[in-house]
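Here are the chains, one letter per residue:
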Amino acid sequence: QVQLVESGGGLVQAGGSLRLSCAASGGTFSSHAMGWFRQAPGKEREFVAAISRRGGSTDYADSGKGRFTCSRDNAKNTVFLQMNSLNPEDTAVYYCAASAPYYGFSTAPHLYPYWGQGTQVTVSS
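Residues numbered from 1 in each chain as written. Predicted model: local features only at pLDDT ≥ 70, side-chain atom pairs only at ≥ 80, totals over all residues. Heavy atoms only, no water.

A. Geometry of the pattern of salt bridges. Under the definition given, this model contains 4 salt bridges. Between lysine 65 and aspartate 62 there is a salt bridge whose closest N-O contact spans 3.2 Å. One connected set of salt bridges, linked through shared partners, spans Arg38, Glu46, Arg67 and Asp90. (Salt bridge = Lys/Arg side-chain N within 4 Å of Asp/Glu carboxyl O.)

Set out below in C-alpha cells:
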C-alpha cells in the first residue's frame with residue numbers, strides 16, 4: 001500500500017512559480033508510474049502531468065505544456081511538479097497519484113489507485 005503526501009502549495013501572484021512535491025511511503029516507489037491531477041471548485045478532477053516509473057517519459061495536459069515540468073527522484077521516493085508562469089486558471093487543489101505496480105502512466109484518474117490528500121494552489125491576478 002502506497003501512501004502519498006503532497007506539499008509545496010500556496011498563494012502566488014500571476015506569473016509566479018511553485019514547486020509541488022509528493023513524498024511516497026510504503027511499497028516500492030520505482031514500481032509506480034506517477035501522475036498529477038487538479039480539481040478546481042465546481043469542476044471535475046483533471047489530468048495535469050504524468051511520469052513513467054524511471055522518469056524517462058512524461059506527458060502533460062495542453063494547459064501545462066511549456067510551463068509545467070514533472071520529475072521524480074526514486075532514491076528519495078519523491079515526485080515533483082515545477083509550475084512556472086502561473087495564472088489564475090491554475091488555481092485548484094493539486095493531487096499526486098500512483099499507478100498500480102508496473103502499470104504505465106495514464107491521463108485517466110480512475111487508473112490510479114493511490115492518491116494523496118491534495119495541496120491547495122491559489123494564483124492571484
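Picking up after the structure, the text goes on.
B. Region of interest: the state of the cysteines. Applying the stated criterion to the full structure yields 1 disulfide. Here cysteine 70 is not disulfide-linked; the sulfur of cysteine 22 is the nearest cysteine sulfur, at 9.6 Å. Accessibility expressed as a relative area gives 4% for cysteine 70, which makes it buried. (Disulfide = S-S within 2.5 Å. Buried < 20%, exposed > 50% of the residue type's maximum accessible area, 1.4 Å probe, protein only.)

C. Structural context of the side chain of arginine 38. Checked against the element boundaries, arginine 38 lands in strand β4 (residues 34-39). Polar side-chain contacts of arginine 38 include one of 2.6 Å to the side chain of glutamate 46. Side-chain polar atoms of arginine 38 contact the side chain of aspartate 90, separated by 2.9 Å. Look past the residues within four positions of arginine 38 in its chain and what remains in contact with it is Glu44, Arg45, Glu46, Val48, Ser63, Phe68, Glu89, Asp90, Ala92, Val93 and Tyr94. (Helix = DSSP H or I, 4+ residues; strand = E, 2+ residues; numbered from the N terminus. Polar contact = N/O pair within 3.5 Å; in protein donor to acceptor, adjacent residues only side chain to side chain. Contact = heavy atoms within 4.5 Å.)

D. Region of interest: the sheet that holds strand β3 (residues 18-25). With antiparallel pairing, the 4 strands of this open sheet are ordered in space as β1-β3-β8-β7. Two strands bound the open sheet, and with one partner strand each, they are β1 (3-7) and β7 (68-73). Shown here is a sheet whose adjacent strand axes are inclined to one another by a mean of 15°, direction ignored. In the sheet, β3 pairs with strand β8 (residues 78-83) via 6 bridges, with the strands oriented antiparallel. By the bridge assignment, serine 21 is partnered in β8 with phenylalanine 80. (Pairing = 2+ DSSP bridges. Axes fitted to C-alpha atoms, helices over the stretch in contact; angles between N-to-C directions.)

E. Local environment of the environment of tyrosine 95. In this structure, tyrosine 95 sits in strand β9 (residues 92-98). Excluding anything up to four places from it in sequence, tyrosine 95 contacts Glu6, Gly35, Trp36, Phe37, Gln39, Arg45, Trp115, Gly116, Gln117 and Gly118.

F. Region of the structure containing the packing of aromatic side chains. This structure, assessed with the given rule, holds 5 aromatic pairs. Ring plane angle 50° and centroid distance 5.1 Å describe the contact between phenylalanine 37 and tryptophan 115, whose orientation is recorded as tilted. Residue phenylalanine 37 is found in strand β4, and its partner tryptophan 115 is found in strand β10 (residues 114-115); the two are separated by 78 residues along the sequence. An aromatic cluster is built from Phe37, Phe47, Tyr95, Tyr112 and Trp115, whose rings are joined through pairwise contacts. Sitting above the plane of the tyrosine 95 ring, arginine 45 keeps its charged end 3.9 Å from the centroid. In this structure, arginine 45 is placed above the aromatic ring of tryptophan 115, and the distance from its NZ or CZ to the ring centre is 4.7 Å. (Phe/Tyr/Trp six-rings, centres within 6.5 Å; stacked < 30°, edge-to-face > 60°. Lys NZ or Arg CZ within 6 Å of the ring centre and 35° of its normal.)

G. Focus on the nonpolar core. With 28 residues, the main nonpolar core has Leu4, Trp36, Leu81, Met83 and Tyr94 as its most contacted residues. Elements with a minimum of two residues in this core: β3, β4, β5 (46-51), β7, β8, β9 and β11 (119-124). Contacts of tyrosine 94, omitting those with residues within four sequence positions, involve Glu6, Leu20, Phe37, Arg38, Val48, Phe68, Leu81, Met83, Gly118, Thr119 and Val121. Grouped together as the second largest cluster of nonpolar side chains are 6 residues, Phe37, Ala50, Ala97 and Tyr112 included. (Core = buried A, V, L, I, M, F, W, Y, C linked by side-chain atoms within 4.5 Å.)

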